[in-house]
Amino acid sequence: MAKLFDPTPEHAALRDMLRRFADEQVRPQAAAHDRAERFNHDLFLQLGELGLLGVTVAERFGGSELDAVGACIVHEELSAADPGFALAYLAHAILFANNLDKNGDDAQRARILPPACEGKLIGGMAMSEPDAGTDVLGMSTTAKREGDEYVLDGAKMWITNGAISDTELGDVFLVYARVAGAARNELSMFIVEKGMAGFGLGQKIHDKLGMRASTTAELVFDGCRVPLANRVGPEGSAALHMMRNLELERLTLAAMSLGIARRSLELMNAYARDRKSFGEPLNHFGQVQRHLAESYAEYMAGRSYVYATAAEIDLDVPGHRLDSDGVKLYCSTMAKNVADRAIQVLGGYGYVGEYEVERLWRDAKLLEIGGGTLEAHQKNMTRDLSRLDSLR
Ligand SMILES: Cc1cc2nc3c(=O)[nH]c(=O)nc-3n(C[C@H](O)[C@H](O)[C@H](O)COP(=O)(O)OP(=O)(O)OC[C@H]3O[C@@H](n4cnc5c(N)ncnc54)[C@H](O)[C@@H]3O)c2cc1C
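Residues numbered from 1 in each chain as written. Predicted model: local features only at pLDDT ≥ 70, side-chain atom pairs only at ≥ 80, totals over all residues.

Here we come to the overall build of the chain. Looking only at helices and strands, one finds 11 helices and 10 strands in the chain. In terms of C-alpha radius of gyration, the chain reaches 21 Å, essentially the compact-globule figure of 21 Å for 392 residues. Projected onto its principal axes, the C-alpha coordinates of the chain cover approximately 80 × 50 × 40 Å. Buried positions account for 51% of the 392 residues belonging to the chain. (Helix = DSSP H or I, 4+ residues; strand = E, 2+ residues; numbered from the N terminus. Rg over C-alpha atoms; globule rule 2.2 N^0.38 Å. Buried ≥ 20, exposed ≤ 12 C-beta atoms within 10 Å, placed from the backbone.)

Taken together, 24 residues sit near the ligand, with Met127, Gly133, Thr134, Thr373 and Glu375 positioned nearest. Looking at which domains feed residues into the shell around the ligand, each of domain 2 (124-236) and domain 3 (239-385) supplies at least three. (Near = placed C-beta within 6 Å. Domains from an automatic or database assignment.)

Accessible area lost during the coming together of the parts is what is often quoted as the interface size. According to the domain assignment, the chain consists of domain 1 (2-122), domain 2 (124-236) and domain 3 (239-385). Each of domain 1 and domain 3 has a C-alpha centre, and the two are 20 Å apart. Across the contact, 27 residues belong to domain 1 and 29 residues belong to domain 3. Listed by contribution, the elements that provide at least two residues to the side of domain 1 that touches domain 3 are helix 1 (2-5), helix 2 (9-36), helix 4 (68-81) and helix 5 (83-103). Of the residues in the side of domain 1 that touches domain 3, the class split is 15 nonpolar, 7 polar and 5 charged. (Contact = placed C-beta atoms within 7 Å. Nonpolar A, V, L, I, M, F, W, Y, C, P; charged D, E, K, R; others polar.)

What follows deals with unusual backbone geometry. The residue Trp158 is not glycine, and still its phi comes out positive at about 70°. For Trp158, the position within the fold is in strand 3 (residues 149-160). Judged by the 19 C-beta atoms lying within 10 Å of it, Trp158 is partly exposed. Unlike most non-glycine residues, Asn161 shows phi in positive territory, near 70°. Among the residues examined, Asn161 registers 29 C-beta atoms within 10 Å and is labelled buried.

Below you can see the structure in the form of structure tokens.
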């Protein structure tokens, strides 16, 4: 299977480097940042030093220009140590940097991407609204052209990296909005930067179930003035940017699920081997064996699907929605179930923070909602399947 998961020596070296980094730097800080609901900015900057903040961004704009398999390796390994931190990373590297790299013009890329790849700017993407999530084309944020500027009005909800502390905005966002009179699917996308008049932090959202090491915020645009040069692509063309970027987003969210499942499985396996009940290790009992064996088989099925899909994806060419939705549909629930079984196998210890699996279980649930709900994936996939007469 190594050929599927690490198809080249470079992929294998990337995984080794990430696993060491995750074990030494990421896992030790995870519980404290989860408890404090705090984003680890210093650790984020270390990812910049490793060249990972623009993992898929062109080298000439400061990125590492890795392929989809490379992006999956990074997300899987970071998530195995700290899914909350990995989510903040994904919002920056995939939702923001990859999106701008693939859809922006050279002037926008040259100005924004090098500092974003170093971590001097923290980015995010703002699509969801208080009243429009799954029905994203129903968004109501508007953009009105006034001379050489657009004026944005509205609010965006649930924005990862929207704030980097309780009071401080993130630095730069790709914001989707509709120009007055445009059709439902004619969205436009703008680079909105901290400091622009009329752009503010509505609220940092507290008390999330999981992914607490990533910040989530409401962003407010109140007559926010954005220069024409910050419009990404032609007016009305951004629904395509969105759909195209969602493919890599869903694939890397599925890779995050793999990290959660793997770590849960490692912890449950070790515990079932070491803990005795009725004079025997737990893994001698059939019911516990079922938890272990089914988790391993499901994890391997999901991992194979993720890396087989990643190998097919050319980041410059859209058209993989069936499987980018498919991997997230399968792996998000798989990871939640594996983390759930890990809690069950650890018994009372599984239910408390010190033993990690309860955090993994809380973090896993988000992946059934963020980046598209399970129901959205089912809807998209059924639509794509209905166009096929036979399967390859
Ligand atoms: C921690 C976190 C981080 C996030 N980060 C970001 C981010 O960085 N940027 C961003 O733009 N968004 C972000 N989101 C938003 C996320 O993408 C949305 O929450 C998600 O798309 C669902 O939208 P909603 O919450 O409005 O739920 P709704 O769309 O209101 O859905 C509620 C329920 O109804 C179901 N439903 C809705 N329509 C249908 C239908 N047609 N058929 C069947 N069922 C349906 C849904 O599946 C769901 O179960 C984040 C969310 C969270 C919780």
